[in-house]
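The residues making up each chain are set out below.
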Amino acid sequence: MSASHRVWCVVSLSALRSNLRALRSCCPRGTRILAVVKDNAYGHGLIPVARALAQAGCEEFGVACASEGEELRGAGIRNPILLLGSTLNSEFPVALQHRLTVTLSSMAEARELARAATQVRRTALVQIKLNTGMNRLGARPAEFQQILSYVALHPRLDMVGTFTHLASADSNLSFTRRQIDEATVLPASMARHWANSAAILQRLPGSRTHVRPGLGLYGISPFPRHSSKLRPVLSWKSRILLVRDLPRGETISYGGTFRAPRKMKVATVATGYAHGLPRSLSNRGHALIHGCRCPILGRVTMDMTLVDVSQLSRVKRNDEVVWLGRSGKRMQTAADMARDAGTIPWEIFTRLSPNLPRIFA
Ligand SMILES: *Cc1c(COP(=O)(O)O)cnc(C)c1O
């Protein structure tokens with residue numbers, strides 16, 4: 001199957017299930033998992049990932065927008081689905097039709113949703129979000145209380161929970177503790193949650209009914225020290241198109257930003273920034289080939305990238321190249337690539353082109 005592809009991803013559903021168990025083991029018994037599968041399950045493939053998680057006992061899902069929720073419903077997912085972003089008025093009909101839970105951060109959203117629900121004679125499921133310092137979504141405490149009362153009294157709005165979001169759980173513990181302290185105003189009688197992967201892995205205290213792991217499910221920890229518990233789910237591979245000798249002094253790729261300091265053997269690989277390889281990896285970072293690190297030479301181009309294969313004796317056209325995953329004894333994770341590219345693993349995953357074939361194993 002992979003033999004016919006130039007660039008492809010292999011997604012291990014058993015690694016995904018193992019990460020679900022690992023994250024569950026960090027939480028008190030009975031904590032429900034709201035798996036964050038927004039943005040095509042962080043590029044891993046929304047439907048196969050959500051199905052595997054649901055079969056493995058994952059209780060709820062979180063997505064970015066109504067169309068992702070609709071896709072999950074179309075695939076037969078019946079679990080509660082929370083729309084993590086703010087839902088536009090134009091998305092309300094889809095949310096209502098598919099019983100997607102809408103996040104409310106303001107009285108304006110509450111009123112507009114109530115109007116839409118009344119119009120189609122359906123009841124909207126809602127969770128109310130508290131702003132504890134992220135300042136992206138969520139209401140300040142006074143407006144939060146106002147929304148709570150409004151929803152409690154409205155016959156077309158059905159409150160199923162409240163939550164907040166941590167801004168610095170992987171970088172600033174005292175700020176995070178203050179956020180969790182503020183979250184004590186979330187009513188204990190319903191679902192309440194704030195923990196992302198970083199908070200789960202640190203086992204931050206605070207009573208909550210649900211946790212919301214994203215990155216950890218895909219096998220990458222926000223901190224290096226926890227990574228052994230988790231198994232990377234996605235491998236990203238490609239093939240060598242050409243191998244040739246480059247004389248000393250020649251330059252490589254657009255702009256000639258790399259000049260060969262000696263005679264080199266160079267491979268042209270069938271992956272570029274159009275597939276999701278960050279252009280910022282130009283002259284930085286590496287691919288794995290035959291279990292060896294092969295540095296990227298010159299600029300990453302749209303569909304091709306050049307790498308140094310001088311150390312490999314039997315390398316040839318059509319050989320497998322690993323961008324993410326294991327090759328022999330070596331492994332490159334999205335966290336490794338992100339460090340080289342000056343970004344974060346979340347962006348490495350979500351930049352992967354949706355057109356790349358995903359093979360579920
Ligand atoms: C994306 C997201 C998460 C998951 O965060 P990770 O750091 O990937 O675990 C949790 N909650 C909300 C509201 C999110 O938007």
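The model shown is predicted, which means the values in this text are computed figures rather than measured ones.

A. A look at the site of the ligand. Looking at the ligand, there are 13 residues lining it, with K38, Y42, S197, G214 and L215 nearest. Backbone polar atom of G214 to an oxygen atom of the ligand: 2.8 Å apart, as the coordinates give it. Between the ligand and W346 there is a distance of 2.8 Å, counted from an oxygen atom to a side-chain nitrogen or oxygen. Considered on its own, the ligand offers 390 Å² of accessible surface; in the complex 92% of this is hidden by protein. The site holding the ligand turns out to be the largest pocket.

B. Summary view of the pairing of strand β4 (residues 81-86). Counting buried positions over the 6 residues of β4 gives 5, a clear majority of the element. When strand β3 (residues 60-63) meets β4, the two strands line up parallel, connected through 3 bridges. Directly across from V63, in β4, lies its bridge partner L83. Read as a crossover between parallel neighbours, the route from β4 over helix α5 (residues 92-97) to strand β5 (residues 101-104) is right-handed.

C. Structural detail: the state of the cysteines. Under the defined criterion, the tally for this structure stands at 0 disulfides. The thiol of C58 is unpaired, and the distance to the nearest cysteine sulfur, on C27, comes to 12 Å. Taking the relative accessible area as the measure of exposure, C58 reaches 2% and is therefore buried. C58 provides the cysteine sulfur closest to C65, a residue in no disulfide bond, and the two sulfurs are 18 Å apart. Looking at C65, the relative accessible area reads 24%, which means it is partly exposed.

D. View of the sheet that holds strand β7 (residues 157-163). Strand order in the open sheet made by the 8 strands is β8-β7-β6-β5-β4-β3-β2-β9, with parallel pairing throughout. Only two strands of the sheet have a single neighbouring strand rather than two, namely β8 (191-193) and β9 (210-211). The strands touched by helix α7 (residues 141-153) are β5, β6 (124-129) and β7; relative to β7, the strand with the most contacts, the crossing angle is about 150°.

E. Structural detail: the side chain of K265. Structurally, K265 can be placed in strand β13 (residues 264-269). Of the side chains bearing the opposite charge, D245 lies closest to the buried K265, which forms no salt bridge; the N-O distance is 5.9 Å. Sequence-distant contacts of K265, that is, excluding residues within four places in its chain, are made with V243, R244, D245, V307, D308, V309, S310, L312, S313 and V315.

F. Structural detail: the domain arrangement of the protein. Parsing the protein into structural domains produces domain 1 (31-220) and domain 2 (234-360). Here the C-alpha centroids of domain 1 and domain 2 sit 38 Å apart. Taken together, the 11 residues of domain 1 in the interface contact 10 residues of domain 2. Of the roughly 930 Å² buried at the junction of domain 1 and domain 2 (both faces included), carbon and sulfur atoms supply 74%. When the buried area of domain 1 at its contact with domain 2 is split by residue, H44, L215 and I220 rank highest and sum to 50% of it. Linking domain 1 with domain 2 are 0 salt bridges, by the criterion used here. Counting across the domain 1 and domain 2 interface gives 1 residue pair in polar contact (both at pLDDT 80 or more). Classifying every residue of the side of domain 1 that touches domain 2 by side-chain character gives 5 nonpolar, 4 polar and 2 charged.

G. The layout of surface pockets, seen in detail. Size it by volume and the largest pocket reaches roughly 550 Å³. As for the largest pocket, its lining consists of 27 residues, of which K38, Y42, R136, H165 and N196 are closest to the centre. Looking at the lining of the largest pocket, the elements with two or more residues in it are α2 (38-42), β4 and α9 (197-201). Classifying every residue of the lining of the largest pocket gives 14 nonpolar, 7 polar and 6 charged. In this model, the second largest pocket occupies a volume close to 310 Å³. If you tally residues by element for the lining of the second largest pocket, the top one is helix α10 (residues 334-341), at 4 residues.

H. View of the nonpolar core. In this structure, V37 and W236 are the most contacted members of the largest nonpolar core, which totals 107 residues. Contacts of V37, omitting those with residues within four sequence positions, involve L46, V49, L53, F61, G62, V63, L72 and Y218. Counting residues in each nonpolar core, the second largest holds 8 residues, with L246, A260, V266 and L306 among its members.

Rules of the game
- Residue indices follow the written sequence of each chain, beginning from 1 at its first position.
- Given that this is a predicted model, residues contribute local features only at a pLDDT of at least 70 and side-chain atom pairs are listed and counted only at 80 or more, while totals for whole chains, interfaces and linings are drawn from all residues.
- The side-chain values count all of the structure's non-hydrogen atoms but skip hydrogen atoms and water molecules.
- We call a residue near a given molecule or strand whenever any one of its heavy atoms falls within 4 Å of it.
- Think of a polar contact as two N or O atoms within 3.5 Å of one another; within protein, one of them needs to be a possible hydrogen donor and the other a possible acceptor, and neighboring residues in sequence only count if both atoms come from side chains.
- To be clear on the numbers: accessible area is Shrake-Rupley with a 1.4 Å probe, and residue cover counts the displayed protein chains and nothing else.
- Only protein atoms enter the 1 Å grid used here. Points where a 1.4 Å probe fits but cannot escape make up a cavity, open sets with protein on both sides within 12 Å along at least five of seven lines make up a pocket, and a residue lines them when an atom lies within 4 Å of a point.
- Pocket occupancy is defined atom-wise: a molecule lies in a cavity or pocket when more than half of its atoms are within 2 Å of its grid points.
- Type-normalised accessible area, obtained with a 1.4 Å probe on protein chains alone, sets the label of each residue: buried when under 20%, exposed when over 50%, and partly exposed for intermediate values.
- We count a stretch as a helix when DSSP gives it H or I for four or more residues in a row; a strand needs E for two or more, and each element gets its number in order from the N terminus.
- By this definition, two strands are paired if DSSP reports at least two bridges between them.
- Think of it like this: strands point away, you trace from the first strand over the helix to the second, and a clockwise trace means the crossover is right-handed.
- Any pair of cysteine sulfurs within 2.5 Å is marked as a disulfide.
- Residues are treated as being in contact if the distance between any of their heavy atoms lies within 4.5 Å.
- Only the contacting stretch of a helix is used when fitting its axis, a line to C-alpha atoms as for every element, and angles between N-to-C directions run 0 to 180 degrees.
- Positive charges come from Lys and Arg, negative ones from Asp and Glu, while His and the chain ends are left out of the count.
- For this document, the term salt bridge refers to a Lys or Arg side-chain nitrogen within 4 Å of an Asp or Glu carboxyl oxygen.
- Domain segmentation is taken from an automatic or database assignment of domains.
- Buried area: the accessible surface (1.4 Å probe) lost by two parts on joining, summed over both.
- Only Asp, Glu, Lys and Arg are considered charged in this grouping, and only Ala, Val, Leu, Ile, Met, Phe, Trp, Tyr, Cys and Pro are considered nonpolar; every other residue, Gly among them, is considered polar.
- Grid points are joined across faces, edges and corners, and a volume is the space filled by probe spheres set on the points.
- To form a nonpolar core, buried Ala, Val, Leu, Ile, Met, Phe, Trp, Tyr and Cys residues must be joined to one another through side-chain atoms within 4.5 Å.

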